[in-house]
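Tertiary structure, described
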Amino acid sequence: MPSQKARQQITKMPETIQAAQEQKRRQKVYEQLVAEKKPKPPYVRNFLAAFVTGGTICLLGQGVLSFFVRRGMDNVAATAPTLTVMILLGIVLTAFGVYDELAEFAGAGAAVPITGFANTIAASAIDFKHEGWVLGMGAKMFIIAGPVIVYGVLSGVFAAFVKLITKL
Amino acid sequence: MAYLIAFLIGGTICGLGQLILDLTTLSPGHVLVMFTVLGALAGGFGIYQPFLKFAGAGALVPVTGFGASIAKGSLLEAQRIGFIGLFTGAFEFTGQGLAVAVFFSAIAAIFFNPRS
Amino acid sequence: MASKKIGKATIKFTNPPVIAGTGTIVGPMEGRGPLADDFDVALPDMTCGEKTAERSERKLLEQAAQIALERSSVDKSMVDYYIAGDLLNQIISASFSARQLAIPFLGVYGACSTCAMGTALGGMILDGGFANYVLVACSSHYQAAERQFRYPIELNIKHKTTSQYTVTGAGALVLASSGEGPRVTWATTGKVIDLGVKDQCNLGAAMAPAAADTFLRHVADTGHAPDTYDLILTGDLGSLGSELFKALVKDAGCNLQGNYNDCGLMIFDTKTQRVGAGGSGCACSAVVTFGHVLKQMERGKLKKVLLIATGALLSPLSFQQGESIPGVGHAIVIER
C-alpha cells in the first residue's frame with residue numbers, strides 16, 4: 001500500500017511534466033516569433049564592407065612584404081617582419097581610438113586580419129589597466145587573443161605531428 | 001598583380017568571416033579561433049604554403065596565416081631535430097609578432113585611455 | 001488583510017506618493033538625442049573628469065541625486081530612505097553613492113527595471129507610513145557596462161542590428177508623502193519570465209515577454225483599458241523588443257494604439273545615431289521618465305502614464321555558462 005504522500009506524488013507528477021512541456025512549447029513558439037520579427041542584417045553591404053577593408057589591409061601588408069623582399073629577404077624570412085609591422089599598425093590605430101570605429105564599419109574586415117588580432121591585445125591592455133598593472137593589464141591582456149593562441153598551437157602542433165608521422 | 005591578388009584573397013577571407021558573424025550568433029572571438037585553427041590545420045598538412053606563395057599578404061595577413069605560421073614552425077623544426085621540434089618550433093615565426101604585440105600594447109596602455 | 005492589494009500583483013496606493021523633484025544627467029550621446037532639452041544636465045564627455053568608467057558612473061548618480069534634492073527643496077537630512085541600483089557587480093555605484101549621501105540606504109537590483117522597481121518600493125514605504133521622504137535613483141554608464149557585460153571598449157566589434165546601446169546617465173527622484181505634484185498611483189510588480197532567448201545581442205527579445213506579462217496583469221488587475229493612458233511606456237525593449245511586445249499583447253487580445261512608446265527608442269534617434277536597436281541600461285527608462293515624461297506632464301501634454309521598466313537579469317557568468325536570459329518588468333502609473 002503506497003503512502004498518502006506517494007499517491008499524491010503520482011497525481012502531481014503529470015502536472016509538472018505538463019507544465020514543463022507547456023513551457024517548452026511556449027519557448028518554441030516564441031523562438032519562431034522572434035525569428036520572424038528579427039531584422040535581417042544587410043548581408044551584401046556587410047560582406048562588401050568587410051571585403052574592401054580586409055582587402056585593403058592585406059594590400060598594405062603586401063606593400064610591406066614587397067618592401068622587405070626588395071631589401072633582400074626571401075619570401076619566408078620576410079613574413080615575420082611583415083607581421084610585426086602590421087601588428088604595430090593595429091596597436092597604433094587602437095591607441096588612438098580609430099580601430100574600433102573602423103570595425104564598426106567593416107566588421108570582420110577589421111577583426112580577421114592580424115591587425116585585428118593586435119587590436120584585441122592592445123584594447124584589453126588599455127582597458128584593464130585600471131584594475132592594476134599586474135592583475136589588470138598583465139592578466140587580462142590576452143583575454144580575447146589567448147584562445148586564438150591556445151587553439152592555434154593545439155591544432156598547429158597536432159597537424160604538424162600528424163604530417164610528421166605519416167611522412168616517417 | 002601581386003597586390004590585386006592580395007586584395008582579392010584577403011578581402012574574400014574577411015568577407016567570409018563577416019558572413020559567418022551575420023548568419024550565426026557566434027562572437028568575433030569564436031570566428032578568430034575558427035580561422036586560426038583552419039589556418040593551422042592547413043599549414044600543418046602543407047596545404048597553406050602553396051596558397052601563401054600564390055596570394056602573398058592576402059594569405060599571410062588574415063589570422064589564418066597566423067595559425068599556418070604556428071604549424072609551419074612546428075613542422076620545420078620537427079623535420080630538422082625530431083619530435084621535440086614540434087614544441088620548440090611553434091613560435092618560430094609567430095614569436096616575434098607576439099613579443100611585439102605584448103611590448104607595444106603595454107606601452108600603449110601606459111599612455112592611452114579608452115575612448116568613445 | 002492586504003487592503004491596498006488589487007488583483008494578483010497590483011498595489012493601489014491609498015495615499016499616493018508625490019513626486020517632489022527629479023534630477024537627470026546624461027552623457028554626450030544622449031545629449032545629442034531628440035530628448036536632450038528635457039534633461040537637467042548633458043555632459044560634454046563621458047568621463048565626468050574621473051579616471052575610470054566606474055567612478056564616472058558613481059559621480060553621475062551622486063550628481064543626479066543632488067539635483068533632485070535641490071529641485072524638491074528637501075534637505076538630505078530629511079530624507080528617510082535612499083533606494084538605488086545600477087548594473088555593475090554588487091551595485092557598487094549605488095552603494096558608493098550612498099556612502100557620499102549618508103542617507104539610510106536600500107540597495108536594489110532589477111537591471112534596467114530598477115527605476116520603476118525603486119519608485120514602487122519607495123511608494124510602498126511612504127504609503128505604509130514608514131517615511132516622509134524617499135530618494136530613488138539609478139544609473140548606468142556605457143563604458144562601465146560594456147566592460148562588465150561585453151568587451152573592452154576599444155575592441156574591434158561591429159554591433160549587431162539587434163544589440164542596444166547602454167545609456168550613460170543617471171536619474172533621481174524625491175518621493176514625498178504629501179504635497180503638490182504628479183503622483184505615483186498604482187504599481188504592478190513583475191514576475192521573472194524566461195522564454196529561452198540566449199542571444200546576448202538581443203536583450204529586447206529576452207525582456208519583451210516579461211513586459212507583456214506585467215502589462216496584461218496590470219490591465220487585468222486594475223481594469224484600466226489601455227486607452228485610458230495618455231502614454232504606455234516600456235523600459236528599454238528597443239525596436240525589435242517593442243515589436244515583439246506589441247505582438248504578444250495583441251495575441252492576448254489587447255491592441256495597442258498610438259499611445260505606446262519605448263524609452264530605448266525615444267532617447268536616441270535610431271536612424272542617425274549609431275545605437276543598434278535603441279538605448280538600454282538603468283538610466284534609459286529613468287532619464288526618459290524622470291526627465292522627459294514628467295516635463296511633459298508639467299507642460300500639460302500628458303496626464304496619466306504607465307511605465308513598464310524592463311530588465312534582463314543575466315550576468316556575464318550565466319551567459320558564458322549557456323543559460324538563457326530571464327527578463328522582468330515592473331510597472332508604475334504616474335498621474336497628474
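Residues numbered from 1 in each chain as written. Chains lettered and ligands numbered in written order. Predicted model: local features only at pLDDT ≥ 70, side-chain atom pairs only at ≥ 80, totals over all residues. Heavy atoms only, no water.

The subject of this paragraph is the overall build of chain C. When helices and strands are counted, chain C shows ten helices and 15 strands. The C-alpha radius of gyration computed for chain C amounts to 18 Å, which stays within 12% of the reference 20 Å derived for 336 residues, consistent with globular compactness. The buried share of chain C, taken over its 336 residues, is 64%. Sequence-distant contacts, at least 24 apart, represent 78% of the contacts inside chain C between residues at least 6 apart. One finds the centroid of the 30 positive side-chain charges in chain C at a distance of 1 Å from the centroid of its 31 negative side-chain charges. (Helix = DSSP H or I, 4+ residues; strand = E, 2+ residues; numbered from the N terminus. Rg over C-alpha atoms; globule rule 2.2 N^0.38 Å. Buried < 20%, exposed > 50% of the residue type's maximum accessible area, 1.4 Å probe, protein only. Contact = heavy atoms within 4.5 Å. Lys, Arg positive; Asp, Glu negative; His and termini not counted. Charge placed at Lys NZ, Arg CZ, Asp CG, Glu CD.)

Under the 1.5 Å per step criterion, the end-to-end length of helix α8 (residues 145-167) of chain A is 32 Å for 23 residues, consistent within 8% with the ideal 33 Å. Structurally, α8(A) contributes buried residues whose contacts are with α6 (114-128) of chain A together with α2 (28-44), α5 (63-81), α6 (85-88) and α7 (95-111) of chain B. (Expected span 1.5 Å × (residues − 1).)

Another aspect to go through is the pairing of strand β14 (residues 304-312) of chain C. Residue and element names in this part refer to chain C. Counting buried residues along β14, nine of its nine residues qualify, which places the element largely inside the surrounding structure. Burial of the side chains of β14 extends over both faces: K304, L306, I308, T310 and A312 are buried on one face and V305, L307, A309 and G311 on the other. Here strand β11 (residues 231-234) runs beside β14; their pairing, made up of four bridges, is parallel. Looking across to β14, one finds that I232 is bridged to L306. (Pairing = 2+ DSSP bridges.)

Moving on, we come to the domain arrangement of chain C. All names here are of chain C. Once the domains are mapped, chain C shows domain 1 (5-176) and domain 2 (183-335). The largest per-residue losses of area from domain 1 upon contact with domain 2 belong to D38, C112 and Q164, which jointly make up 15% of the total buried on that side. In this structure, the salt-bridge partner of R299 is D38, at a minimum N-O distance of 2.6 Å. One can count 29 residue pairs in polar contact (both at pLDDT 80 or more) joining domain 1 with domain 2. Of all elements in the fold, only β2 (10-12), β3 (18-26), α1 (28-31), α4 (114-127), β7 (133-140), α5 (142-149), β8 (165-166) and β9 (169-176) reach the threshold of two or more residues within the side of domain 1 that touches domain 2. (Domains from an automatic or database assignment. Buried area = accessible area lost by both parts, 1.4 Å probe. Salt bridge = Lys/Arg side-chain N within 4 Å of Asp/Glu carboxyl O. Polar contact = N/O pair within 3.5 Å; in protein donor to acceptor, adjacent residues only side chain to side chain.)

The nonpolar side chains of a soluble globular protein tend to be buried, and buried together. Within the largest apolar cluster, 65 residues are counted, with the highest numbers of intra-cluster contacts made by A:I87, A:V112, A:I114, A:F117, B:V61 and B:F66. Among the elements that line this core, the one with the most residues is α6(A), at seven residues. (Core = buried A, V, L, I, M, F, W, Y, C linked by side-chain atoms within 4.5 Å.)

Now for the side chain of A:N46. When you line up the elements, A:N46 lands in helix α2 (residues 43-70). According to the relative accessible area criterion, A:N46 is buried, its value standing at 5%. Residues in contact with A:N46, not counting those within four places in the same chain, are A:P41, B:Q18, B:D22 and C:K158.

The subject of this paragraph is the packing of α8(A) against α5(B). Contact pair α8(A) / α5(B): the axes reach a minimum separation of 8 Å and the direction vectors enclose 40°. With respect to α5(B), the axis of α8(A) lies oblique. The element α8(A) and its partner α5(B) pack so that their crossing is right-handed. Across from A:V148, A:I149, A:G152, A:V153, A:G156, A:V157, A:A160, A:K163 and A:L164 in α8(A), the residues of α5(B) making contact are B:F66, B:I70, B:A71, B:S74, B:L75, B:A78 and B:Q79. For the contact of α8(A) with α5(B), a count of residues per class yields eleven nonpolar, four polar and one charged. (Axes fitted to C-alpha atoms, helices over the stretch in contact; angles between N-to-C directions. Parallel < 35°, antiparallel > 145°, perpendicular 65-115°, else oblique. Left-handed = near helix turned anticlockwise from the far one by under 90°. Nonpolar A, V, L, I, M, F, W, Y, C, P; charged D, E, K, R; others polar.)

Turning our eyes to something else, we now look at the domain arrangement of chain A. One can read the domain layout of chain A as domain 1 (1-38) and domain 2 (43-167). Placing the centre of domain 1 of chain A and that of domain 2 of chain A at their C-alpha centroids yields a distance of 49 Å.

Facing the 68 residues of chain B at the interface are 74 residues of chain A. When the buried area of chain B at its contact with chain A is split by residue, B:Y3, B:F7 and B:V61 rank highest and sum to 11% of it. Linking chain B with chain A are zero salt bridges, by the criterion used here. Counting only elements with at least two residues in the side of chain B that touches chain A, the list comes to α1 (2-23), α2, α4 (57-60), α5, α6 and α7 of chain B.

If you walk through the whole model with that rule in mind, you get 13 aromatic pairs over all chains. On the basis of an interplanar angle of 80° and a centroid distance of 5.3 Å, the ring pair of B:F103 and B:F104 is categorised as edge-to-face. On the accessibility criterion, B:F103 (53% relative accessible area) is exposed. Pairwise contacts between aromatic rings join A:F47, A:F51 and B:F7 into one cluster. Positioned above the aromatic ring of C:Y229 is the side chain of C:K304, whose terminal nitrogen or guanidinium carbon lies 5.1 Å from the ring centre. (Phe/Tyr/Trp six-rings, centres within 6.5 Å; stacked < 30°, edge-to-face > 60°. Lys NZ or Arg CZ within 6 Å of the ring centre and 35° of its normal.)

Now for the pairing of β11(C). What you see with β11(C) is no split at all: C:L231 and C:L233 on one side and C:I232 and C:T234 on the other are buried throughout. With helix α7 (residues 238-251) of chain C bridging β11(C) and its parallel neighbour strand β12 (residues 260-262) of chain C, the resulting β-α-β unit is right-handed. (Right-handed = clockwise from strand over helix to strand, strands pointing away.)

Overall, the coordinates contain 17 salt bridges over all chains when judged by the stated rule. With a shortest N-O distance of 2.8 Å, C:R71 and C:D40 are connected by a salt bridge. You can see C:R71 sitting in helix α2 (residues 53-71) and its partner C:D40 sitting in the loop between α1 and β4 (41-42), a full 31 residues away along the chain. The partner of C:E50 in a salt bridge is C:R55, with the nearest N and O atoms 3.1 Å apart. When its relative accessible area of 43% is taken as the criterion, C:R55 is described as partly exposed. Connected through salt bridges with shared partners, the residues A:D127, A:E131, C:E54 and C:R147 form a single ionic network.

Taken together, the contact pairs ten residues of chain C with ten residues of chain B. Approximately 690 Å² of surface area, both sides summed, lies buried where chain C meets chain B, with 51% of it carried by carbon and sulfur atoms. There are zero salt bridges connecting chain C and chain B. Taken together, chain C and chain B are joined by two residue pairs in polar contact (both at pLDDT 80 or more).

With that settled, consider unusual backbone geometry. All names here are of chain C. Its identity as a non-glycine residue notwithstanding, I91 has a phi of 30°, on the positive side. In this fold, I91 is placed in the loop between β5 (81-86) and α3 (92-101). The class for I91 is buried, based on a relative accessible area of 14%. With a phi close to 45°, A111 is a non-glycine residue in the positive phi region. Take A111: its relative accessible area is 1%, and that puts it in the buried class.

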